[in-house]
Amino acid sequence: QVQLVESGGGLVQAGGSLRLSCLASGRTFSSYAMGWFRQAPGKEREFVAAIAGHGITTSYADSVKGRFTISRDNAKSTVYLQMNSLKPEDTAVYYCAARAVSWIAIMLADFGSWGQGIQVTVSS
């Protein structure tokens, strides 16, 4: 399994930006597809974005499309989530996840390794 550590969360005003990072340790990073999920209080964990191992193929939830960008630096074993035009409804704990194959997926069950989560709070 791969170990994942998120960073970059915090409090931001609506309309602002944050960039989340997720550092992975383990076997060759490029062999993992990566994803970001989030969980708001009282709600189920939901898909946000995913990226294939080569970094070319990406997928986004409709709610973040055009505002969030997922990217990765395989040399640094890091995946990023750039979040722009943040809204109060983006407030949640954000989780980084890894899938033990390189092709993309968007379902929680497809990801076997998870970070501890990081809080993102967007004030109105």
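Notes on the structure in this doc start here. (Residues numbered from 1 in each chain as written. Predicted model: local features only at pLDDT ≥ 70, side-chain atom pairs only at ≥ 80, totals over all residues. Heavy atoms only, no water.)

## A short note on the nonpolar core
- Grouped together as the largest cluster of nonpolar side chains are 36 residues, with contacts concentrated most on Met34, Trp36, Val79, Leu81, Met83 and Tyr94.
- Setting aside anything within four residues of it in sequence, one finds leucine 81 in contact with Leu18, Arg19, Leu20, Trp36, Val48, Ala49, Phe68, Thr69, Ile70 and Tyr94. (Core = buried A, V, L, I, M, F, W, Y, C linked by side-chain atoms within 4.5 Å. Buried < 20%, exposed > 50% of the residue type's maximum accessible area, 1.4 Å probe, protein only. Contact = heavy atoms within 4.5 Å.)

## As for the side chain of arginine 99
- Looking at where arginine 99 falls in the secondary structure, it is placed in strand β9 (residues 92–99).
- Buried charge without a partner: arginine 99 forms no salt bridge, and the closest opposite charge is aspartate 110, 4.4 Å away.
- Polar contacts involving the side chain of arginine 99 include one to the main-chain carbonyl oxygen of tryptophan 103, which spans 2.7 Å.
- Residues within four places of arginine 99 in sequence aside, it is in contact with Ser31, Tyr32, Ala33, Ile104, Ala105, Asp110 and Phe111. (Helix = DSSP H or I, 4+ residues; strand = E, 2+ residues; numbered from the N terminus. Lys, Arg positive; Asp, Glu negative; His and termini not counted. Salt bridge = Lys/Arg side-chain N within 4 Å of Asp/Glu carboxyl O. Polar contact = N/O pair within 3.5 Å; in protein donor to acceptor, adjacent residues only side chain to side chain.)

## Section: the pattern of salt bridges
- For the coordinates displayed, the defined rule picks out four salt bridges.
- Across the salt bridge formed by lysine 65 and aspartate 62, the nearest N and O atoms sit 3.2 Å from each other.
- Residue aspartate 62 is classed as exposed on the basis of its relative accessible area, which comes to 67%.
- Beyond isolated ion pairs, a larger network of salt bridges with shared partners links Arg38, Glu46, Arg67 and Asp90.

## Structural notes on the environment of glycine 115
- Examined against the element boundaries, glycine 115 turns out to sit in the loop between β10 (113–114) and β11 (118–123).
- Sequence separation between glycine 115 and threonine 78 is 37 residues, and the spatial gap between their C-alpha atoms is 13 Å.

## Things to note about the sheet that holds strand β1 (residues 3–7)
- Read across the open sheet, the four strands follow the order β1-β3-β8-β7; overall the sheet is antiparallel. The open sheet has two edge strands, β1 and β7 (68–73), and neither has a second partner. Looking at each pair of strands side by side, their axes are set apart by 15° on average, direction ignored.
- Note that β7 and strand β8 (residues 78–83) share six bridges and pair antiparallel. Looking across to β8, one finds that isoleucine 70 is bridged to leucine 81. (Pairing = 2+ DSSP bridges. Axes fitted to C-alpha atoms, helices over the stretch in contact; angles between N-to-C directions.)

Scope: geometric values only; no functional claims are made or implied.
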